[in-house]
Amino acid sequence: MRAVAACLALGVAAGARAQQSPVPEAIAPDPAVLESVRADYLTREERSDLRVRHGLYDDLDLDLPARRARIALERGRLGDPVFAEAGLDPALSLRALSLQGRDKEVVAATEGASRLALLALRAESLARLARRDEALAIARDPRVAEALASGDTVEAVLAAVDLRALEIRLDAAASGEFESLFAALGRARDSIDRLDPAVRLREAQLLVERHARLEAAKALSETLSLSPRSAEAWYLLGGLALDGFDFVGAARAAAALRRIDPLHHLAAFLEARMRLRSDDPQGALEALAPVLARVDLPREALAFRAACEAARYDFDAMRATLAEVDARAPGSAEALVLAGRQLVFDRQYEEAREILERAAAREPAWAVPRAELGLLSMQDAREERALEDLRLAVRLDPHDERALFTLTLAEELAGWNRIETRHFIIRHPDGDAAIVAALLADTLDAMHEEVCARLRHEPSQKTIIDVMPDHRSFGVRVTGLPRIHTIAVCTGPTIAIEIPKEGARDKHLGLFDPLAVLRHEYTHTVTLSMTRNRIPHWLTEAVAVALEDTPRTFETCQLLAAAWRSETLFDLEEINWAFVRPRKPTDRAQAYAQGRWMVEYIEVRYGWDALCKLLFSYADGIGEEDALRRAFGVGRAEFFDGFRAWAAGEVRAWGLDPQPPLRALALELVAGDEAAENTMREAEARRLQAVADAWASAIGRPGSERFTLPRAAWPAKPMPPVQLDDASVRAFLARHPDHPDLIEILLRRARGSGAIESEETRELLERYARARPVDPFPHRLWAQKALGRGGTGGEDGELERDAERALRHLVELDLRADKDNSYALAIARLRRGQGDLAGASASAERAVRMNPFDASVRELAAAIAIEAGEMRRARLHVSALVALEPSRELHRTRLERLDALIASEK
């Protein structure tokens, strides 16, 4: 298990899925393709050749070995007997050998070859066999440049592109030749054969390698319009989707591959990648098992196995598999890069650096290992090393969009201002981010003490916090690409957070309390450190939410209560999937909330010491079943059963499982009424039909073999056709005096009629607060009433009591308000009026943190700080006012006076 991403946890996956998936359900053939295949002048043989090329074939077209061989390659049947047939184009049979990694056989079979397509296969095999100089000699053949410039067949141009791309990978001096590849491919597409899918596919491959996502998706869609059965195109589209955590799109691509061939190895590879991204290495290995058992083993299969072993923390097995790959391809670093990326994803930074350094040493001119090392160093807080590796990567490949974006940011970060505290290094640029960074600096060390005391662990190094000035730069900092939707992310020893600010959504994501967000993120930093980054996804989120130390909202209580009632609480496997592959819109919110709920259960049932023991046990790399037994003496199933039983009592204590339900009470009113009972039966029949329809619509969906229709998705049972009038409600309430639904009905009707001030209503409000303590409705009413009286005159003692009552309720409301500073402002003003300057200052500071660019809020905070004698704190706010309202000379005058006062204190 691992913390597959605090970044996922805070919405990266949700943001990626919010964008349109690059993978459609299907792509129709281009009309020009259909027209060309149907042309009257074609012979039968020419028509069959075109139908095979464009993936529009049927069995009648597969009468010749050459066509069968092309389709066998497309289907991934690399050991098909057709490749041994006499007279077959050697480029086809050698391609099958190359895809199996049988490079020695390819080299032997191409000895003395002159055809450029065969030389390309030979050079690639030589490179994998660590015969670099021989491979480069072929790649530098003058015929390559000639074919790039003026080749008159698609085969010649594609072979030349492959050879020039190989030269760029093997020789750093050739890095400037990349543009010639696209120029040649563009010429082939526009001047030789605009309908050949191989040309557009090769362009797409180059774009994917360089993280040009939008252009790559477009090229792949065009490829599939030219050949809807292009397996490589579907695989690359699925990979693009998965890079954006679009599991639905990736599943579509895998399904398309299985339509091409049910046992396609690319479908297995894509499924394994989905499983690895979902923190399921065992499932990934199971997906790979049929491929690993094949005689015609695809070249990449062992590399994926190594990645799975890395994800299981079985580093000995990973190294053994990598050694097996090295024996087959001693010159290739591809398996090392794949395993290294997985280790970075799982935040196993030490092992990742070792593997990626080996990759960079093996292929020093290949930009990819260096770029991966640079991205690793950005996560691992090794700033100078990140700059070194990223600069080298960009020199080797100036066209890698991700590396370019990240290098630009890294160079900016290196020149940013720094504020260093005992436990943190805050980096920020000038401008708005500087205002937020200054506000946070004095608060973080106290937060560190609180979080680390609770978790009984301190990270071994200072945590870097990057305060990003806008949404685009935040996205680049987090992923290397400027397309992401969240406000903060933790990668272990570094945290990135964007500033709270209102504005266009592509610029800012609105108001929030950055200290509260950083507390959540820093909890990730501590739990990742104490578990060596091996904490299960649900648990790192659960602990982080629990240590926010704020009450859950009423909406969250309702969500959890609904899941409990409908028996759709997640077990310990489902909750991890809910974060990364939610099936309904509420899944991720439920996963966060339920995770925190389970931490509360752990604390109540087993104690906080046991929770800390559980966390520390994950550092040993053990699985969740063993970790739970070590800490609690129970396994996953028994833990979940205990949690569900405990949760029932919690829901009842919240007042969200009233007995009897309103429906049962209403049924009493219609008992014996034949017409009403008939109406009920008809409504129930419609409801059950809707359930059946929902089941029917689920059949055939991707993953439908695991699909279960949650009871929460069932249409609600119909209420009886009866109006619960006040008399009926009061009669029922007399029998059930603590029934929250009945009390709430009377309360809301009283509010609607203006009778909220009556003695009876006040008594109902008290009863409702006791019966359903998680609903803030009473607090809002009480606060409004107290504040309303406070402004209408009265005795001083009465006013003070009203203010105190209002404060009590405003505090409850403020605790639940994460994007609204109005309650904090009201509290600050009330406490200031009471003379509680310390309390007023704390609330004013919270209000400022949530909207640091509101001058009026800064004015209030500065005034309270001055009254409290906190001149340095006042100076912070006045200094911000100078920046926010530079034309107001008054702010500069105040700043000068504060500086004089501060100087006089020394």
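Residues numbered from 1 in each chain as written. Predicted model: local features only at pLDDT ≥ 70, side-chain atom pairs only at ≥ 80, totals over all residues. Heavy atoms only, no water.

Moving on to the overall build of the protein. A tally of regular secondary structure across the protein gives 48 helices and five strands. Every one of the 906 residues in the protein was classed for burial, and the buried ones make up 56%. For the protein, the proportion of contacts with a sequence separation of at least 24, taken over those separated by at least 6, is 64%. (Helix = DSSP H or I, 4+ residues; strand = E, 2+ residues; numbered from the N terminus. Buried < 20%, exposed > 50% of the residue type's maximum accessible area, 1.4 Å probe, protein only. Contact = heavy atoms within 4.5 Å.)

Here we come to the environment of Ala 414. Following the sequence through the fold, Ala 414 ends up in helix α25 (residues 401-414). Relative accessible area serves as the criterion here: at 48%, Ala 414 is assigned to the partly exposed category. Residues Ala 414 and Glu 383, 31 residues apart in the sequence, show an inter-C-alpha distance of 7.6 Å.

Right, let's get into helix α41 (residues 759-771). An α-helix turns once every 3.6 residues. As a result, residues three or four positions apart point the same way. Spanning 13 residues, α41 covers 18 Å between terminal C-alpha atoms, matching the ideal 18 Å at 1.5 Å per step. Among the residues making up α41, those that are buried are Thr 761, Leu 764, Leu 765, Arg 767, Tyr 768 and Ala 771. (Expected span 1.5 Å × (residues − 1).)

Once that is clear, we can look at the pairing of strand β3 (residues 463-468). Walk down a regular strand and you will see the side chains alternate between the two sheet faces. Of all the six residues making up β3, six are buried; the element is thus mostly covered by neighbouring parts of the structure. On β3, burial covers both faces: Thr 463, Ile 465 and Val 467 on one face and Ile 464, Asp 466 and Met 468 on the other are all buried.

Next up on the list: the environment of Arg 194. Counting through the fold element by element, Arg 194 comes out in the loop between α12 (178-192) and α13 (197-209). Its relative accessible area of 56% is what places Arg 194 among the exposed residues. Separated by 32 residues in sequence, Arg 194 and Leu 226 place their C-alpha atoms 9.6 Å apart.

The next thing to look at is helix α29 (residues 514-530). Under the 1.5 Å per step criterion, the end-to-end length of α29 is 24 Å for 17 residues, consistent within 8% with the ideal 24 Å. Counted residue by residue, α29 has 15 buried out of 17 residues, so it is predominantly covered. Note on α29: the residue one or two positions beyond its end, Arg 532, has a positive phi of about 55 degrees.

Residues Gln 659 and Pro 660 are joined by a peptide bond in cis, for which omega reads -5 degrees. Its location among the elements puts Pro 660 in the loop between α36 (636-653) and α37 (662-670). For Tyr 313, which is not a glycine, the phi torsion comes out positive at approximately 60 degrees. Inspection of the secondary structure assignment puts Tyr 313 in the loop between α19 (301-311) and α20 (315-328). For Tyr 313, a relative accessible area of 11% corresponds to the buried category.

This model, assessed by the stated rule, comprises 93 salt bridges. The salt bridge involving Arg 132 is made with Asp 133; its shortest N-O contact spans 3.5 Å. Of the charged contacts, one joins Arg 140 and Glu 167 as a salt bridge, the two residues approaching to 3.8 Å between their closest N and O atoms. Linking Arg 140 in the loop between α9 (132-139) and α10 (142-150) with Glu 167 in helix α11 (residues 154-170), this pair joins segments that are 27 residues apart in sequence. Through salt bridges that share partners, Arg 189, Asp 190, Arg 200, Glu 203, Lys 218 and Glu 222 make up one connected network. (Salt bridge = Lys/Arg side-chain N within 4 Å of Asp/Glu carboxyl O.)

Before going further, it helps to spend a moment on the packing of helix α44 (residues 822-834) against helix α46 (residues 855-867). One way to put it is that α44 packs onto α46 with a least axis distance of 12 Å and a crossing angle of 30 degrees. The orientation of α44 relative to α46 falls into the category roughly parallel. Considering the relative orientation of α44 and α46, their crossing is left-handed. Contacts between α44 and α46 involve Leu 825, Ala 828, Arg 829 and Arg 832 from the first element and Val 857, Leu 860, Ala 863, Ile 864 and Glu 867 from the second. Here the residues of the contact of α44 with α46 are counted per class, giving six nonpolar, no polar and three charged. (Axes fitted to C-alpha atoms, helices over the stretch in contact; angles between N-to-C directions. Parallel < 35°, antiparallel > 145°, perpendicular 65-115°, else oblique. Left-handed = near helix turned anticlockwise from the far one by under 90°. Nonpolar A, V, L, I, M, F, W, Y, C, P; charged D, E, K, R; others polar.)

Okay, the packing of aromatic side chains next. Scanning the model with the defined rule gives 19 aromatic pairs in all. An aromatic cluster of at least three residues, connected via ring pairs, comprises Trp 597, Tyr 601, Tyr 606, Phe 632, Phe 639, Phe 640, Phe 643, Trp 646 and Trp 654. Over the ring of Trp 608 we find Arg 454, and its NZ or CZ is 4.5 Å from the ring centre. Of note, Lys 501 hangs over the ring of Phe 853, and the distance from its end group to the ring centre comes to 4.8 Å. (Phe/Tyr/Trp six-rings, centres within 6.5 Å; stacked < 30°, edge-to-face > 60°. Lys NZ or Arg CZ within 6 Å of the ring centre and 35° of its normal.)

Looking now at the confidence of the model for the protein. The predicted coordinates ought not to be read in detail in places where the model reports low pLDDT. Of the residues in the protein, 88% have a pLDDT of 70 or more, and the chain-wide mean is 88. Contacts for the low-pLDDT stretch residues 1-19, under 50 throughout, to residues beyond four places or in other chains number 79 contacts. Low pLDDT, under 50, characterises residues 695-714; the predicted model gives this stretch 26 contacts beyond four residues in sequence or across chains. (pLDDT = per-residue confidence, 0-100.)

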